[in-house]
Number of protein chains: 2
Amino acid sequence: MYKVGFVGLGIMGLPMAKNILKAGYEITVYDNNDYKIKKMVDVGAKGARSSMEVAKNSDVIITMLPNSPHVEAAIFGENGLAEGLSRGKAVIDMSSISPVASKEFYSKLKEKGVDFLDAPVSGGEPGAIEGTIAVMVGGDKPVFDKYYDLLMTMAASVTYVGEAGSGNIAKLANQMIVAANISAMSEAYVFAKKAGADPKVVFEAIRGGLAGSRVMEQKSPKIFDKDYEPGFRIELHIKDLQNALDTAHNDNISIPIAASAMEILQACKVDGQEKKDHSAIVKFFEKINNIEV
Amino acid sequence: MYKVGFVGLGIMGLPMAKNILKAGYEITVYDNNDYKIKKMVDVGAKGARSSMEVAKNSDVIITMLPNSPHVEAAIFGENGLAEGLSRGKAVIDMSSISPVASKEFYSKLKEKGVDFLDAPVSGGEPGAIEGTIAVMVGGDKPVFDKYYDLLMTMAASVTYVGEAGSGNIAKLANQMIVAANISAMSEAYVFAKKAGADPKVVFEAIRGGLAGSRVMEQKSPKIFDKDYEPGFRIELHIKDLQNALDTAHNDNISIPIAASAMEILQACKVDGQEKKDHSAIVKFFEKINNIEV
């Protein structure tokens, strides 16, 4: 059994690392917050003083960080993983970052004989705690096969999408669709309310048809209850759509629907809602239409 | 058992009228196409020479027509239903029209002691043939209760949404969400393809998560197969979104997501795709991004 390293013990990373530990793997962890390291050490992990030290002590290192620059710093920065990596080891980045960055990390590590997978997740904090996240993986298929069991210790499903970057392409496609769908549902909510119908009954009438979606099932109750606790924070959805726009523009394509959703999320941030669940998008439609929240 | 009238034997109306007949009701039909009347007479219906004659021969009259002006003409025009209606009879309009018009028809008929329900449907031609459409109903609850069994002869579900107009409010909310969702999925398809992933595998990876929807289940296979036969025609979706925009502006609200989807559908029409299924929205995203269709 290979030794596992884990860098980034945030809201998602900490419970994910715990699930790996529970599955019986030896695990060495690092976070820039000592308290988070202590939490893992208390339950049986080894603590490290840098990403470099994690890499020296491990065969495969998982990173779970906010965005592309953080992953770049953790791998290639001072005292980063790269300084402790050697031929045959692997890095699995489970952060949701730009696929352009994923492809770059893959190539740079390949030169050193180090394997790299981009393996972003969906399912949020509850999924991370319960080990039921969905993992979308890009990279070399044999590397995917090698670490499939490790990834499954944290997940309900682990899907190979394709070559390097494909995991994050899938994740961004997911986030583009979700943002547009929450926006459309929120607008329809306000539309129905203003037109004189009960939006709850309207959604009940249409949820079995072509308008039905997981967004409607999972997010409309939050709107009805005015419960905007995350869930998935608007600021993180902004980050994902920015990565989608950067990727699209890097590929020389235009994604106007994602751009519109981005500006609605941005307007929510302007309104001070960035720490709220993305179902708070409905407040944008309430605000522009002078409906009481 | 009350006598049923049916006006409008189009792609939807003809099979719907047949299902009423099959359930054992006496039915009198009218359409401006004699051939359609003959088709119904051949299977046991009575043919009429005008909407007025339908109204004289029936206790409850169903209308199934393209849009608000056609329904207005059928009810209030020359030789229209109104000329044959009397106190205690009812009109059930199953067309997808503006809820503003539905409310007006309801009020005008109420003055004559005639009941009115707006009862638009979803489920398309296959649903109309198989008797599995979903019906969303607005109007007075006792009138809904009275004609529930009649509506169920054509449907898998018949839902009471609320006061007059609510059926069409629900239908338009449905169409707003569907248009946005097909647009977002189509954009994500082109995004994933251009970024170097296989969109089919990407959708497979994300369909179990928050991006999952009936649109993804039912419309993405049409995109993968480049099969844009309707299904639901773009020109009809344009009609519905125009009704949504008219209703919103009548209510003094703004629905920018629906407006964007409308312009994308309109661009598809400019491109000669108006008779195609609304999944052909993907062609807009392919076109603006110079991807081969």
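Residues numbered from 1 in each chain as written. Chains lettered and ligands numbered in written order. Predicted model: local features only at pLDDT ≥ 70, side-chain atom pairs only at ≥ 80, totals over all residues. Heavy atoms only, no water.

Draft legend 1. Unusual backbone geometry, seen in detail. All names here are of chain A. Along the chain, P230 connects to G231 via a cis peptide bond; the corresponding omega equals 0°. The residue G231 is located in the loop between helix 10 (214-224) and helix 11 (234-250) in this model. A positive phi is found at N290, a non-glycine position, where the angle reads about 50°. Residue position: N290 is located in the segment after helix 13 (282-288). (Helix = DSSP H or I, 4+ residues; strand = E, 2+ residues; numbered from the N terminus.)

Draft legend 2. Geometry of the interface of chain B and chain A. The interface is formed by 61 residues belonging to chain B together with 61 residues belonging to chain A. Counting the surface lost from both chain B and chain A, the interface buries some 4900 Å², and carbon and sulfur atoms represent 71% of this. Sorting the residues of chain B by area buried against chain A places I177, F191 and L210 of chain B first, and these three jointly supply 16% of that buried surface. Here chain B is connected to chain A by 15 residue pairs in polar contact (both at pLDDT 80 or more). Looking at the side of chain B that touches chain A, the elements that each hand over two or more residues are strand 9 (155-162), helix 8 (166-195), helix 9 (199-206), helix 10 (214-224), helix 11 (234-250), helix 12 (256-270) and helix 13 (282-288) of chain B. A per-class count over the side of chain B that touches chain A returns 38 nonpolar, 15 polar and 8 charged. (Contact = heavy atoms within 4.5 Å. Buried area = accessible area lost by both parts, 1.4 Å probe. Polar contact = N/O pair within 3.5 Å; in protein donor to acceptor, adjacent residues only side chain to side chain. Nonpolar A, V, L, I, M, F, W, Y, C, P; charged D, E, K, R; others polar.)

Draft legend 3. The arrangement of the packing of aromatic side chains in detail. For the structure on display, the rule yields 18 aromatic pairs over all chains. Ring centres 6.2 Å apart and planes at 80° place the aromatic pair F105 of chain A and F116 of chain A in the edge-to-face group. Of this pair, F105 of chain A sits in helix 5 (residues 99-111) while F116 of chain A sits in strand 6 (residues 115-118), and the two are 11 residues apart along the sequence. Ring geometry for F76 of chain B against F105 of chain B: centres 5.8 Å apart, planes inclined by 50°, an arrangement best described as tilted. Linking F76 of chain B in helix 4 (residues 68-76) with F105 of chain B in helix 5 (residues 99-111), this pair joins segments that are 29 residues apart in sequence. Here the aromatic cluster, defined as three or more aromatic residues joined through ring pairs, consists of Y2, Y25 and Y147 of chain A. Above the face of the F76 of chain B ring, K108 of chain B is positioned so that its terminal group lies 4.2 Å from the ring centre. (Phe/Tyr/Trp six-rings, centres within 6.5 Å; stacked < 30°, edge-to-face > 60°. Lys NZ or Arg CZ within 6 Å of the ring centre and 35° of its normal.)

Draft legend 4. Up close: the environment of G47 of chain B. All names here are of chain B. You can see G47 is positioned in strand 3 (residues 46-47). Taking the C-alpha atoms as reference points, G47 and D31, separated by 16 residues in sequence, lie 9.1 Å from one another. In this view, G47 contacts V29, I37, V41 and E53; residues no more than four positions away in its chain are not counted.

Draft legend 5. Region of the structure containing the pattern of salt bridges. For the coordinates displayed, the defined rule picks out 26 salt bridges over all chains. Between K219 of chain B and D277 of chain B there is a salt bridge, with the nearest N and O atoms lying 3.2 Å from each other. Here K219 of chain B is found in helix 10, whereas its partner D277 of chain B is found in the loop between helix 12 and helix 13, with 58 residues between them in sequence. Per residue, the accessibility class of K219 of chain B equals that of D277 of chain B, and both read buried. A salt bridge links K275 of chain B to E235 of chain B, with the nearest nitrogen and oxygen atoms 3.1 Å apart. Linking K275 of chain B in the loop between helix 12 and helix 13 with E235 of chain B in helix 11, this pair joins segments that are 40 residues apart in sequence. For E235 of chain B, a relative accessible area of 23% puts it in the partly exposed group. By sharing partners, the salt bridges in this structure join E204, R207 and E217 of chain A into a single network. (Salt bridge = Lys/Arg side-chain N within 4 Å of Asp/Glu carboxyl O. Buried < 20%, exposed > 50% of the residue type's maximum accessible area, 1.4 Å probe, protein only.)

Draft legend 6. Up close: the side chain of S102 of chain A. Residues and elements named next belong to chain A. The topology assignment puts S102 in helix 5. Judged by relative accessible area, S102 falls into the buried class, the value being 0%. Apart from the residues within four sequence positions on either side, S102 is in contact with I97, F116, D118, G165 and N168.

Draft legend 7. View of the relation of the copies chain B and chain A. Superposing chain B onto chain A takes a rotation of 180° plus a shift of 0.0 Å along the axis, which leaves an RMSD of 0.0 Å. The relationship between the two copies is best expressed as a two-fold rotation axis. Relative to the rotation axis, the closest C-alpha in chain B is found at S213 of chain B, a distance of 1.9 Å. When the interface residues of chain B are mapped onto chain A, 100% of them again fall at the interface, so both copies present the same face. (Least-squares fit on C-alpha atoms with pLDDT ≥ 70 in both.)

Draft legend 8. Up close: the packing of helix 12 (residues 256-270) of chain A against helix 8 of chain B. Helix 8 of chain B packs onto helix 12 of chain A with a crossing angle of 115° between their chain directions and a minimal axis gap of 8 Å. Contact with helix 12 of chain A, carried on its side by P256, I257 and A258 of chain A, involves S183, A184 and E187 of chain B of helix 8 of chain B and no other residues of that element. (Axes fitted to C-alpha atoms, helices over the stretch in contact; angles between N-to-C directions.)

Draft legend 9. Focus on helix 1 (residues 13-22) of chain B. All names here are of chain B. Here helix 1 lies mainly inside the structure; 8 of its 10 residues are buried. What helix 1 keeps buried is the set G13, L14, P15, M16, A17, N19, I20 and L21. Immediately beyond the C-terminal end of helix 1, within one or two residues, lies G24, with a positive phi of roughly 105°.

Draft legend 10. Just the environment of M185 of chain B, in detail. Inspection of the secondary structure assignment puts M185 of chain B in helix 8. For M185 of chain B and F203 of chain B, which are 18 residues apart along the polypeptide, the C-alpha to C-alpha distance reads 9.1 Å. Once you skip the residues sitting within four places of it in the chain, M185 of chain B turns out to touch I177 of chain A together with F203, V215, M216, K219, S220 and I223 of chain B.

Draft legend 11. Empty space enclosed by the protein, seen in detail. Scanning the model with the defined rule gives 1 cavity of 30 Å³ or more in all. Taken as a whole, the largest cavity spans an internal volume of roughly 100 Å³. Looking at the largest cavity, the residues that line it are A180, S183, I257, S260 and A261 of chain A together with A180, S183, I257, S260 and A261 of chain B. Within the residue set of the lining of the largest cavity, elements represented by two or more residues are helix 8 (166-195) and helix 12 of chain A together with helix 8 and helix 12 of chain B. When the residues that make up the lining of the largest cavity are grouped by side-chain class, the tally is 6 nonpolar, 4 polar and no charged. (1 Å grid on protein atoms, 1.4 Å probe; cavity = no way out; pocket = protein on both sides within 12 Å on 5 of 7 lines; lining within 4 Å. Points joined across faces, edges and corners; volume = space filled by probe spheres on them.)

Draft legend 12. Fine view of the environment of H278 of chain B. All names here are of chain B. With respect to the secondary-structure elements, H278 resides in the loop between helix 12 and helix 13. Between the C-alpha atoms of H278 and F232, which are 46 residues apart in sequence, the distance is 6.1 Å. Within the local environment of H278, its side chain forms a polar contact with the side chain of K219, the two groups lying 3.2 Å apart.

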